[in-house]
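Remarks on the overall topology
If you want the building blocks of each chain, they are given just below.
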Amino acid sequence: MTKLPGGNLEFVREDDFVEYYIFPKLPDNLGDEAQLQQQMLKIRSEISAIVREKTLERSFLWHKDEFQLQIRTGSAQERLLNEETNVEEEEELGDLPPHFHGVTHYGDNISDEWFIVYLLTEITRARGDCIARVSDSDGEFLLIEAADALPDWASPETCEQRVYLVGGCLQLLQNSAASSQDKSISMATAVQRIRLNPTLYRCSREIQSCIDARLKEFQIAQPHFSIHRQVLELPQSAAQLLKQQPRLVSAAVRAFCDRDSLDTKALRTMRYFPPEAKRLRTNVRFTRCLYAMLMHQQYVPEKRLGWNLTDAVSQPELYKEQLMGVKLASGLEILASQAKRVDGQQLEETPAWRSYLRSLQGKGYFRDNIEGSAEYQELLAKAKEYFRGNQERFRTATRVGAEILELLLHPAEAASEELRDEENNLQPSDSDEWLNISAEDLDSMLQDRYGPQKLYKPNGDINAEEFTKQLSDFLDRQSNYEGIEHRGHEEQELDSDDDDEPTQRARTSTSGSGFGAKVKKNASMRKACQRNSLIQAEEPDSTHVRNFLDFVIPEDNWDSTSEMSDYADEDDLEGNLKALAGSAANVFPLDRQIQSYMQQMDRELAQTSVGKSFHGQKKKKVEDEDDFDDIEDFEPININVNTLRNMMDSYQSQVGGAGPVSNLFSAMGVGMAAAGDDQEPKDLSESAV
């Protein structure tokens, strides 16, 4: 959903957010607003219990914001408070029924986004009356995950607000054949259509398998594999805080890694977590993302403050525990200092509130009431309450810092007892070998994620003929700005709620002649299109490359006296051009301008030694062959080997970076394996490189 520019309530929303809706089925006999609110609170309590159970089972740590739901009844006053009076926004959403809405920022850890998808599938599976929708800054990211299995009509434009979770399964709404797939649909209309037929729009098994495979890591009811347990040496107050609220680890790590000059100034005093305080060794749970962020953050604590660390060479493991403990305590110190800076600031003094109040006044929220009147004060109090409630949805640094200060003032005795018991029964730290990934491990991960890929070795054996054949097959495929159409991929159609006769559908579909309209082809029509060059025209660029790959040098005379004399001969040049043009006479004939360009190019090449760079075909020696030096010296050009040689040279010149050849390999579905430093490149030949 496109966000309102200048929105004040959701002022922290950035590109790293995931937005979700849950539409419960409510009884029809709800009378007034109070009954509706009471019923929504009851349902939210039941949903929160499901979320709490799944989160605790997997010991899941949120990286930034947690999963939270706000009640939206759709009243006029609520729309004003929530800044949803934009005309385009209302048309996009439609007249939404009462629902729950949430926004979660996942920061650098994409696992939070998919854990929310898992929670929504479990919620809709446990409560069959609920319909859920989830999206992020990329739009319908669930379809991005299943891109290889989507029907041909599906695109980012045609699928907006058409993806929903019902009964734990994915559903994709399709327009009827009588209407264009590009026609937009409001969220309210989509929910209504699903209510009428809950199973009509269920996705295919292939699409659902893609989503299930991505959520597989959350299915097991045990601590998530991304949880990393590490022993740290922390000040006693910091260790006690983390026992009371383990989720503070996320905010502390992010605050330390994102510190600025003001935060660094606070670290010079360490007012809340002084180094001279008693330090304890304790187990701390991180996510792998948080552990990697903290581990690779370069920091040297100041010795004058009292951070006396052991020798890193003689006791590296203990030094690691102490240094990471200093980093984590510093993150907690930064959060506490940030809360102290705004501790005395009133709500009316904050820039966000002043901007929000101006927007309410501009929309007529106060109904022309005089400022200071009883009704004005009542509306103002509701606006402040709504603003505070919306701010609590996001775990900003100041909110977390205020929570830390409150816990420091009122420590829990149970946490102190747990620390004393744990000190003598510490669990060992988990291995962090997962931080080191070799090239082979990366290739294996990519193959597991994106499927097997044919790998070529730059210095190993490669069949040149096979490679050029694969390149030619790749160039035969059709493509447009949306990508390459794979052969054998038939257009899939989902069920729709349209009851028109097939003849009417055919008449309607063939009558659409607007820009960008697609003609659906059956199997026989596809074959006819492949034979008809007027319907399936080849791209000029791919035609030229294919002509080069298919090019056969015609028989030449044997009176050559220089490497490029064949090109200098006008008669042979004309024969080469005719042979090149003849292979594509019905597709893209060479015009006179191109012929003149090629003639001029060949005349220039005749004066150079570029002919020596081409690899020729090795001839079999015949004992009784006539002794003609010019024939023995002549080697026909090997198109396969030269094509492969140029590809390899270009790939190696990229030095592992992005470039034309690596991008071409990626589109072809092949890769290049890393070669060892001790490997010497072999000579290219017809059968091997």
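Residues numbered from 1 in each chain as written. Predicted model: local features only at pLDDT ≥ 70, side-chain atom pairs only at ≥ 80, totals over all residues. Heavy atoms only, no water.

**Quick look at the overall build of the protein**
Rules: Secondary structure is summarised from DSSP: a helix means a run of H or I of at least four residues, a strand means a run of E of at least two, and numbering begins at the N terminus for each. Only protein chains enter the accessibility calculation, which uses a 1.4 Å probe; a residue whose area is less than 20% of its type maximum is buried, one above 50% is exposed, and one in between is partly exposed. Contacts are assigned to residue pairs that have any heavy atoms within 4.5 Å of one another.
The secondary structure content of the protein amounts to 27 helices and twelve strands. Here the protein, with 689 residues, has 41% of them falling under the buried criterion. Considering only contacts in the protein between residues 6 or more positions apart, those separated by 24 or more positions represent 79%.

**Here we look at the packing of aromatic side chains**
Put simply, the rule is: The aromatic pairing rule takes the rings of Phe, Tyr and Trp, using the six-membered ring of Trp, and pairs them if the centres are within 6.5 Å, calling planes under 30 degrees apart stacked, those over 60 edge-to-face and the rest tilted. Criterion for a charge above a ring: Lys NZ or Arg CZ within 6 Å of the ring centre, and within 35 degrees of the ring normal.
The final tally for this structure, using the stated rule, is 16 aromatic pairs. Look at Tyr 291 and Trp 434: their rings are 5.9 Å apart centre to centre, the planes differ by 55°, and that puts the pair in the tilted class. Taken together, the positions of Tyr 291 in helix H11 (residues 288–295) and Trp 434 in the loop between helix H16 (413–423) and helix H17 (439–450) put the pair 143 residues apart, joining distant regions of the chain. Using a relative accessible area of 22% as the deciding quantity, one classes Trp 434 as partly exposed. One aromatic cluster is present, built from ring pairs that chain together Phe 60, Trp 62, Phe 115, Tyr 118 and Phe 218. Of note, Arg 259 hangs over the ring of Phe 256, and the distance from its end group to the ring centre comes to 4.3 Å.

**Structural notes on the side chain of Ser 337**
Defined as follows: Each polar contact in these results corresponds to two N or O atoms within 3.5 Å; when the atoms are within protein, one needs to be able to donate a hydrogen and the other to accept it, and residues that are neighboring in sequence are counted only if both atoms are side-chain atoms.
Along the chain, the position of Ser 337 falls in helix H12 (residues 316–341). In this structure Ser 337 comes out as buried when scored by relative accessible area, which is 11%. Here Ile 334 takes part through its backbone oxygen, which lies 2.7 Å from a polar atom of the side chain of Ser 337. With near-sequence residues (within four places) excluded, Ser 337 lies in contact with Ala 266 and Tyr 272.

**Concerning the pattern of salt bridges**
Selection rule: Counted as salt bridges are all cases of a side-chain nitrogen of Lys or Arg within 4 Å of a carboxyl oxygen of Asp or Glu.
Using the criterion set out here, one finds 18 salt bridges in the structure. With a shortest N-O distance of 3.3 Å, Arg 229 and Asp 430 are connected by a salt bridge. Here the residue Arg 229 occupies a position in strand S7 (residues 227–235), and Asp 430 occupies one in the loop between H16 and H17, the gap between them amounting to 201 residues. By sharing partners, the salt bridges in this structure join Glu 46, Arg 127 and Asp 129 into a single network.

**Topic: helix H18 (residues 464–475)**
Operational definition: Helix span, as expected, comes to 1.5 Å for every residue beyond the first. Directions from the helix axis toward the C-beta atoms define the arc.
With twelve residues, H18 extends 17 Å between its outermost C-alpha atoms, agreeing within 8% with the 16 Å of an ideal straight helix rising 1.5 Å per residue. Along H18, the residues classified as buried are Ala 464, Phe 467, Thr 468, Leu 471, Ser 472, Phe 474 and Leu 475. On an axial view of H18, the arc spanned by its buried residues comes to 160°, and they lie on one face.

**Observations concerning the pairing of strand S6 (residues 169–172)**
Test applied: Should DSSP find at least two bridges between two strands, the strands are taken to pair.
Of the strand pairs in this sheet, strand S5 (residues 163–166) and S6 are connected by four bridges, and their pairing is antiparallel. Counterpart to Tyr 164 in the pairing with S6 is Gln 171. Linking two consecutive strands that pair antiparallel, namely S5 and S6, is a turn of two residues; a positive phi of about 60° is found at Gly 167 within it.

**Some thoughts on the confidence of the model for the protein**
Operational definition: Confidence of the predictor in every single residue is expressed as pLDDT, which spans 0 to 100.
With 69% of its residues at a pLDDT of 70 or more, the protein shows a mean pLDDT of 76. Note that pLDDT drops below 50 for residues 1–13; the model gives that stretch 43 contacts with residues more than four away or on any other chain. A low-confidence stretch, residues 488–495 stays under pLDDT 50, and its non-local contacts, those more than four residues away or across chains, total 21 contacts.

**Observations regarding the packing of helix H9 (residues 248–257) against H11**
Short version of the rule: Axes, fitted as lines to C-alpha atoms, cover a helix only where it is in contact. Angles between the N-to-C directions of the axes lie from 0 to 180 degrees. Crossing handedness follows the turn of the near helix against the far one: under a right angle anticlockwise gives a left-handed crossing, and clockwise gives a right-handed one. Residues are grouped as follows: Ala, Val, Leu, Ile, Met, Phe, Trp, Tyr, Cys and Pro are nonpolar; Asp, Glu, Lys and Arg are charged; every other residue, Gly included, is polar.
Interhelical geometry of H9 versus H11 gives an angle of 35° and a closest axis separation of 10 Å. Between H9 and H11 lies a crossing of left-handed hand. On H11, the residues that touch Val 249, Ser 250, Val 253, Arg 254, Phe 256 and Cys 257 of H9 are Leu 290, Met 293 and Leu 294. Across the contact of H9 with H11, the residue classes tally to seven nonpolar, one polar and one charged.

**Looking at a nonpolar patch on the surface**
We apply this condition: Exposure above 30% relative accessible area and the lack of any salt bridge qualify a residue for a patch; like charges then connect within 9 Å, and the nonpolar side chains Val, Leu, Ile, Met, Phe, Trp and Tyr within 5 Å. The Shrake-Rupley method, run with a 1.4 Å probe sphere, supplies the accessible areas, and residue values consider only the shown protein chains as cover.
On the surface, Ile 437, Leu 442, Met 445 and Leu 446 cluster together into a nonpolar patch covering about 360 Å² of accessible area. Position of Ile 437 relative to the elements: it lies in the loop between H16 and H17.

**Topic: unusual backbone geometry**
Phi at Met 270 takes a positive value of approximately 45°, unusual for a residue other than glycine. Counting through the fold element by element, Met 270 comes out in the loop between helix H10 (261–267) and strand S8 (279–287). The phi dihedral of Asp 368 is positive, around 60°, even though this residue is not glycine. Within the secondary structure, Asp 368 is located in the loop between helix H13 (351–362) and helix H14 (374–391).

**A closer look at the environment of Gln 219**
Within the secondary structure, Gln 219 sits in the loop between helix H7 (205–215) and S7. A relative accessible area of 43% means that Gln 219 is categorised as partly exposed. Once the C-alpha coordinates of Gln 219 and Tyr 118 are considered, the two residues, 101 residues apart in sequence, prove to be 8.4 Å apart.

**Quick notes on the sheet that holds S5**
The sheet built from six strands is open, its strands ordered S2-S3-S1-S4-S5-S6 with antiparallel pairing. Either end of the sheet is taken by a strand with one partner, and the two such strands are strand S2 (70–72) and S6. Across the sheet, the axes of successive neighbouring strands diverge by a mean angle of 30°, strand direction being ignored. Each of strand S1 (17–23), strand S3 (99–105), strand S4 (131–136) and S5 touches helix H4 (residues 111–126); the most contacted strand, S1, lies at about 5° to it.

**Digging into the packing of helix H8 (residues 236–244) against helix H15 (residues 397–409)**
Stated formally: By definition in this entry, angles of less than 35 degrees are roughly parallel, angles greater than 145 are roughly antiparallel, angles of 65 to 115 are roughly perpendicular, and the rest are oblique.
Axis separation between H8 and H15 bottoms out at 10 Å; the angle between their running directions is 110°. Classified by the angle their axes make, H8 and H15 are roughly perpendicular. Every residue of H15 that contacts H8 at Ser 237, Leu 241 and Gln 244 is listed here: Ile 404, Leu 407 and Leu 408.

**Quick look at the nonpolar core**
We apply this condition: Here the nonpolar core consists of buried residues drawn from Ala, Val, Leu, Ile, Met, Phe, Trp, Tyr and Cys, with membership extended through side-chain atoms lying within 4.5 Å.
Ranked by size, the top nonpolar core spans 46 residues in total, and within it Ile 22, Phe 67, Leu 120, Leu 142 and Leu 170 carry the most contacts. Every element with two or more residues in this core is listed here: S1, helix H1 (33–57), H4, S4, helix H5 (141–145), S5, S6 and H7. Counting residues per element, this core draws most heavily on H4, which supplies eight residues. Filtering out sequence-adjacent residues up to four positions away, Leu 142 remains in contact with Trp 114, Val 117, Val 134, Val 163, Leu 170 and Ile 211.

**Thoughts on the state of the cysteines**
Counted only if it meets this: Cysteine sulfurs are considered disulfide-paired once they come within 2.5 Å of each other.
Per the stated rule, a full pass over the model turns up zero disulfides. Looking at Cys 169, it has no disulfide partner, and the nearest cysteine sulfur is the one in Cys 203, 9.2 Å off.

**A few points about the environment of Ile 334**
Within the secondary structure, Ile 334 sits in helix H12. Residue classification places Ile 334 among the buried residues on the basis of a relative accessible area of 0%. Every residue in contact with Ile 334, bar those within four places of it in the chain, is listed here: Ala 255, Phe 256, Arg 259, Asp 263 and Leu 267.

**Here we look at the pairing of S1**
A large share of S1 lies buried, amounting to seven of its seven residues. A two-sided burial pattern is seen for S1, the buried positions comprising Phe 17, Glu 19, Tyr 21 and Phe 23 on one face and Val 18, Tyr 20 and Ile 22 on the other. Relative to S3, S1 is paired through six bridges, and the arrangement is antiparallel. The residue bridging Phe 17 from the neighbouring strand is His 105, located in S3.

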